[in-house]
Amino acid sequence: MMFGATAASARNIDAIKKAGTIIVATEGQYAPFNFFEGSKLSGFEVDVMEGVAKKMGVKIEWKTLGFDALLTGLGQDRWDLVIASHGITEERAKAVTFTDPHYCSGGAIVTKNAALRTAKDLAGKTIAVQTGSSYLDAAQKIPGVKEVKNFPKDPDAQAAVMSDRADAWVTDKFVVMDVLKNNKNTGLRATGMLFVEKIAAAVSKGNDGLAGAYNKALGEFMAKGGGYEALSMKYFGEDVRCK
Ligand code: ARG
């Protein structure tokens, strides 16, 4: 069994420190935030987590799984922390405890059709989004939307709009920037923003000791000279922290 090797039941910060290793789950299919470069797990938030763990004085044991399974796994004590570009929402906050945010972003409309710029323009249209994402919720709320198609992996939502199976794709604005930077021939453009969100890691509901230790380390990492700004410049050419 996949998780058999590690005993990780609702570990508090003392147990994690004692073990010397924090078990962190992410997706690994969401460039430039968490993705595989060959066999190496990489990305902005993977690097942020490495920096935070260092300040916490623990090593990371990474797990990679489908996006939709990540927060659920916290409730089942399968890993200690999730970092996978989750927007802080009220709904999610009923089930998990969010940490302080590590960046701010939002859902962008991505399409071949320059006329689709606002939620209003998406009435009567088909939208592609990732399963379990805040984009799915936002798309479903658009008045008069024709159909919302959801895909377990965000790149498959992108593929749907590229092959005209959807009129628009809604995803993180920095994901789009990365796609457009790396491939000039998609025919896609980001035409507008649907909403903004704060992105944070999550721990199991009420694991406040762990959240507190993470937040303290994140604060140090995000302070001047702590490493965050250089990382943000490397990935995005700008500082993506919440202002
Ligand atoms: N920010 C969006 C959300 O909160 C999408 C996150 C997708 N993350 C991922 N690793 N695929 O749902």
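Going by the structure above, here's the rest.
Structural notes, computed from the coordinates. (Residues numbered from 1 in each chain as written. Predicted model: local features only at pLDDT ≥ 70, side-chain atom pairs only at ≥ 80, totals over all residues. Heavy atoms only, no water.)

### Focus: the sheet that holds strand β3 (residues 34–37)
Strand order across the open sheet formed by three strands is β2-β3-β4, with antiparallel pairing between neighbours. Since the sheet does not close on itself, it has two edges, and those belong to β2 (29–30) and β4 (40–42), each with one partner. In this structure, β2 lies alongside β3, joined through two bridges in antiparallel fashion. Directly across from Tyr30, in β3, lies its bridge partner Asn34. (Pairing = 2+ DSSP bridges. Helix = DSSP H or I, 4+ residues; strand = E, 2+ residues; numbered from the N terminus.)

### Side note on the environment of Gly87
Structurally, Gly87 is set in strand β6 (residues 81–87). When its relative accessible area of 1% is taken as the criterion, Gly87 is described as buried. In contact with Gly87, not counting residues within four places along its chain, are Arg92, Phe98, Glu197, Lys198 and Ile199. (Buried < 20%, exposed > 50% of the residue type's maximum accessible area, 1.4 Å probe, protein only. Contact = heavy atoms within 4.5 Å.)

### Observations concerning the environment of Ser42
Its place among the elements puts Ser42 in strand β4. Residue Ser42 is classed as buried on the basis of its relative accessible area of 3%. Along the primary structure Ser42 and Tyr30 are separated by twelve residues, whereas in three dimensions their C-alpha atoms are 9.9 Å apart. Setting aside residues no more than four positions away along its own chain, Ser42 makes contact with Phe33, Asn34, Phe35 and Glu37. A polar side-chain atom of Ser42 sits 3.0 Å from a polar atom in the side chain of Glu37. (Polar contact = N/O pair within 3.5 Å; in protein donor to acceptor, adjacent residues only side chain to side chain.)

### Re the site of the ligand
By nearness alone, 15 residues border the ligand, and Glu27, Gly87, Arg92, Ser134 and Glu197 come closest of all. Residue Asn34 places a side-chain N or O atom 3.3 Å away from a nitrogen atom belonging to the ligand. Between the ligand and Gln130, the relevant distance is 2.8 Å, taken from a nitrogen atom to a side-chain nitrogen or oxygen of the residue. Bound to the protein, the ligand loses 100% of the 350 Å² it would expose on its own. Here the ligand is seated within the largest cavity. (Near = heavy atom within 4 Å. Areas by Shrake-Rupley, 256 points an atom, 1.4 Å probe, with all protein chains shown as cover. 1 Å grid on protein atoms, 1.4 Å probe; cavity = no way out; pocket = protein on both sides within 12 Å on 5 of 7 lines; lining within 4 Å. Sits in = over half its atoms within 2 Å of the grid points.)

### Things to note about the state of the cysteines
Following the criterion strictly, the structure yields one disulfide and no others. One disulfide in the model links Cys104 with Cys242; its S-S distance is 2.1 Å. With the S-S bond torsion at 95°, the cross-link from Cys104 to Cys242 turns out right-handed. With Cys104 in strand β7 (residues 96–111) and Cys242 in the segment after α9 (228–236), this residue pair connects regions lying 138 residues apart in the sequence. Judged by relative accessible area, which is 22%, Cys104 ranks as partly exposed. (Disulfide = S-S within 2.5 Å.)

### Side note on the pattern of salt bridges
Following the criterion strictly, the structure yields eight salt bridges and no others. Put simply, Asp47 and Lys234 hold a salt bridge, and the shortest N to O gap is 3.9 Å. Linking Asp47 in helix α2 (residues 44–56) with Lys234 in helix α9, this pair joins segments that are 187 residues apart in sequence. (Salt bridge = Lys/Arg side-chain N within 4 Å of Asp/Glu carboxyl O.)

### Observations regarding the sheet that holds strand β1 (residues 21–26)
Pairing between the strands of a sheet is mediated by backbone hydrogen bonds and can be parallel or antiparallel. The strand order β5-β1-β6-β11-β7-β10-β8-β9 describes an open sheet built from eight strands, whose pairing is mixed. Both edges of this open sheet fall to β5 (59–64) and β9 (147–151), since each of them pairs with a single strand only. Taken pair by pair, the neighbouring strands of this sheet meet at an average axis angle of 25°, ignoring direction. Across the sheet, α2 lies against β1, β5, β6 and β7, angled at about 150° from β5, the strand it touches most. (Axes fitted to C-alpha atoms, helices over the stretch in contact; angles between N-to-C directions.)

What is shown is where atoms sit, not what they do.
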